[in-house]
Amino acid sequence: MASAQKLLVVAIDFGTTYSGYAFSFYHEYKSNKKKVRTYLWPTGIGLEQSTKAPTSILFDSRQKFHSFGYQAEDTYTRLPDDHQKQWYYFKRFKMTLFKNENLNEMTRIKDVTGREMRAMDVFSAGINYLRDHFHEMLQERSIVEEEDIQWVLTVPAIWNDAAKQFMRKAAVKAGINGDRLKLALEPEAAALYCKSNVRQEMFPIGHTFMIVDSGGGTVDVTAHKVRLSGKLQEVLPPSGGPWGGTKVDDAFQTFLVKVFGLAAIRKMSKAENLQIEREFEIVKRSFNPVATMSAANIWIPYCLRESLGRTTGIQHSIKIRGDKMSIPHLTVASFFDVPVQKIVNHVRELMAKPEMASTNNIYLVGGLSDSKLLQAAMKKAFPHIQVHISVEASSAVLKGAVIFGHDSDIIGWRIAPLTYGVSTYGSFDHNRHPRHKLTLIEGKEYCSGIFAKIITNGTSMRNGQATPYRQFSPIYQNQTSVSIEVTASPSASPSYATDPGCRVLGTILVRMPDLTRGTNRKVKVRMIMGGTELKVEAVDGNTGVTYAATFDCI
């Protein structure tokens, strides 16, 4: 069943710092695409209710899931010291997947104390919590069968294929049926949200616009053009880097060490650490570089206050009044310097590309986009371009993912992020092929693992567009089936399926029981780009029977 026909779409945004879910029923989507509902989490930290909760997960000493979000944070800080040393507490761990070339289901990650668990168990527990929380919340309103739900899981656009597939597997392990799960690129989802929440005249036919999604961990940038059909065409491949809001937090933590010394910082209890983090979160969200030059006031514990007189360096720039630390305005602004400059520089490089010549609108989304400092820096760097700050910037990805779940064809054209093909055998050429790939089969010399390219990375493809067929043959006379190994590579022209960066996406088994023609039989293979999925079809040239499989290709 197509996603647009599902009774309900539920999207999960599993972020580096915060996570949440949103949903809408199909009849609501048809009448009003803007009507996307979110759950409001009580924060308890001096902020209003939030559409997301901290991506913090607590396990007991037996690695059994205990709690998530604010509850996990509060429970962990109240644990006795001996329990804290035995329990497992994970926070801001999503970035462990970024550019992890050795990622697999056995990969282990460290909690805040350095103790390890399987990453798959940690991620799936978090997704499972959000899934169960949604079901409990929904039961209060209506009853919906699981098979009527289309699930959407957001992933950063700049993640590699292994990390995206890891998130899919984690969602399946969490109890979500893989056939009812779609992965959505975070900036693409944000683009759909912006398009649905902005006046239509802001998106005229032929208009090209940029989305800058600045989250907690990564910053993802995409650019799309509005086609005659109203669908969006990707004009630049997704790009970005690890310049999210956690870099601001890191700068603040470095500042604390410089002021008070590492020894004093280590004396703080877990509860004191958490309170300082929450106090700075309020400062980070509300900091305005131009409205006032007043200092920021943050609570600090006694162990830091008493250490101030014994440290050297920059302590003269702060003041202590009671239990509050006053940080100069310019010092707070400096915490934003690195990520803001990285974002501005990257966008400047992209805007210089010829594909972006007609672009006159940039939309800022993601949690860091609420920063007045980032907004001001972008407007100053691009004075001739309209820089828009999306309404509910921190939930734009989450709500856009729901729209994507209802109609993933809205993104009508995409640029192939990888080169796709199949691993095959070919006649061995002693002047060209490496000796170790020589294979002798039924008296003939073959080169194993040749990358037979079908789609080249960087190619713009329409949803549903099929490639021409490529033909292959069995290599054994009595071969009753052919295994088509679908392979992807970051290179435009890979030679072998074993080249660096190449990954096997999966296989298709084509049964060929008729042996009368020996190796003179044909298998035709083509690929069909279907949004964020790649469909591969293999046809038995003798019987015409078609075998197909679908792989994530975002």
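Residues numbered from 1 in each chain as written. Predicted model: local features only at pLDDT ≥ 70, side-chain atom pairs only at ≥ 80, totals over all residues. Heavy atoms only, no water.

Points about the overall build of the protein
Inference 1: Within the protein, the regular secondary structure consists of 14 helices and 31 strands.
Inference 2: Here the C-alpha atoms of the protein give a radius of gyration of 26 Å, agreeing with the 24 Å that 2.2 N^0.38 yields for 554 residues.
Inference 3: In the protein, of all internal contacts separated by at least 6 residues, the share reaching a separation of at least 24 is 69%.
Inference 4: In the protein, 68 positive and 53 negative side-chain charges are present, and the distance between their average locations comes to 4 Å. (Helix = DSSP H or I, 4+ residues; strand = E, 2+ residues; numbered from the N terminus. Rg over C-alpha atoms; globule rule 2.2 N^0.38 Å. Contact = heavy atoms within 4.5 Å. Lys, Arg positive; Asp, Glu negative; His and termini not counted. Charge placed at Lys NZ, Arg CZ, Asp CG, Glu CD.)

Digging into the pairing of strand 11 (residues 181-185)
Inference 1: With five of five residues buried, strand 11 is to be regarded as a mostly interior element.
Inference 2: In terms of strand pairing, strand 10 (residues 149-155) meets strand 11 through five bridges, oriented parallel. Within strand 11, the residue paired with V155 across the bridge is L185.
Inference 3: Since strand 10 and strand 11 lie parallel, the crossover through helix 5 (residues 161-173) that links them has a hand, and here it is right-handed. (Buried < 20%, exposed > 50% of the residue type's maximum accessible area, 1.4 Å probe, protein only. Pairing = 2+ DSSP bridges. Right-handed = clockwise from strand over helix to strand, strands pointing away.)

Quick notes on the sheet that holds strand 18 (residues 361-365)
Across a sheet, paired strands are connected by hydrogen bonds in the backbone, their directions being either parallel or antiparallel.
Inference 1: Read across the sheet, seven strands follow the order 19-18-12-13-14-20-24 without closing on themselves; strand pairing throughout is mixed. Strand pairing shows two members of the sheet lacking a second neighbour, strand 19 (386-389) and strand 24 (460-462), which therefore form its edges. Ignoring which end each strand starts from, the neighbouring axes of this sheet average 25° apart.
Inference 2: Sheet topology places strand 13 (residues 219-226) next to strand 14 (residues 232-241); seven bridges connect them, and they run antiparallel. By the bridge assignment, V219 is partnered in strand 14 with G241.
Inference 3: Packing of helix 13 (residues 372-381) onto the sheet brings it into contact with strand 12 (208-214), strand 18 and strand 19, and relative to strand 19 it is tilted by some 165°. (Axes fitted to C-alpha atoms, helices over the stretch in contact; angles between N-to-C directions.)

Some points on the environment of F59
Inference 1: Structurally, F59 can be placed in strand 5 (residues 56-59).
Inference 2: Setting aside its immediate chain neighbours within four residues, F59 contacts K64, F65, H66, W87, Y88, F90, M117, D121, V122 and A125.

Let's talk about the sheet that holds strand 15 (residues 296-299)
Inference 1: Reading across the sheet, the three strands line up as 15-17-16 and stay open at both edges, with antiparallel pairing between neighbours. Since the sheet does not close on itself, it has two edges, and those belong to strand 15 and strand 16 (319-321), each with one partner. Across the sheet, the axes of successive neighbouring strands diverge by a mean angle of 30°, strand direction being ignored.
Inference 2: Note that strand 15 and strand 17 (residues 324-327) share four bridges and pair antiparallel. Residue pairing in the sheet places A296 in a bridge with I327 of strand 17.
Inference 3: Most of the contacts of helix 7 (residues 246-260) go to strand 17, to which it runs at about 110°, and overall it touches strand 15 and strand 17.
Inference 4: Running over the sheet, helix 9 (residues 270-286) touches strand 15 and strand 17 and is turned about 160° from strand 15.

A look at the pattern of salt bridges
Inference 1: All told, the structure shown has 23 salt bridges when counted by the stated rule.
Inference 2: One salt bridge connects R62 with D60, and the closest N-O pair in it is separated by 3.5 Å.
Inference 3: Judged by its relative accessible area of 66%, R62 falls in the exposed class.
Inference 4: The exposure class assigned to D60 is buried, which follows from its relative accessible area of 10%.
Inference 5: A salt bridge links E281 to K284, with the nearest nitrogen and oxygen atoms 3.4 Å apart. In this pair, E281 and K284 both sit in helix 9, three residues apart, roughly one turn of the helix. (Salt bridge = Lys/Arg side-chain N within 4 Å of Asp/Glu carboxyl O.)

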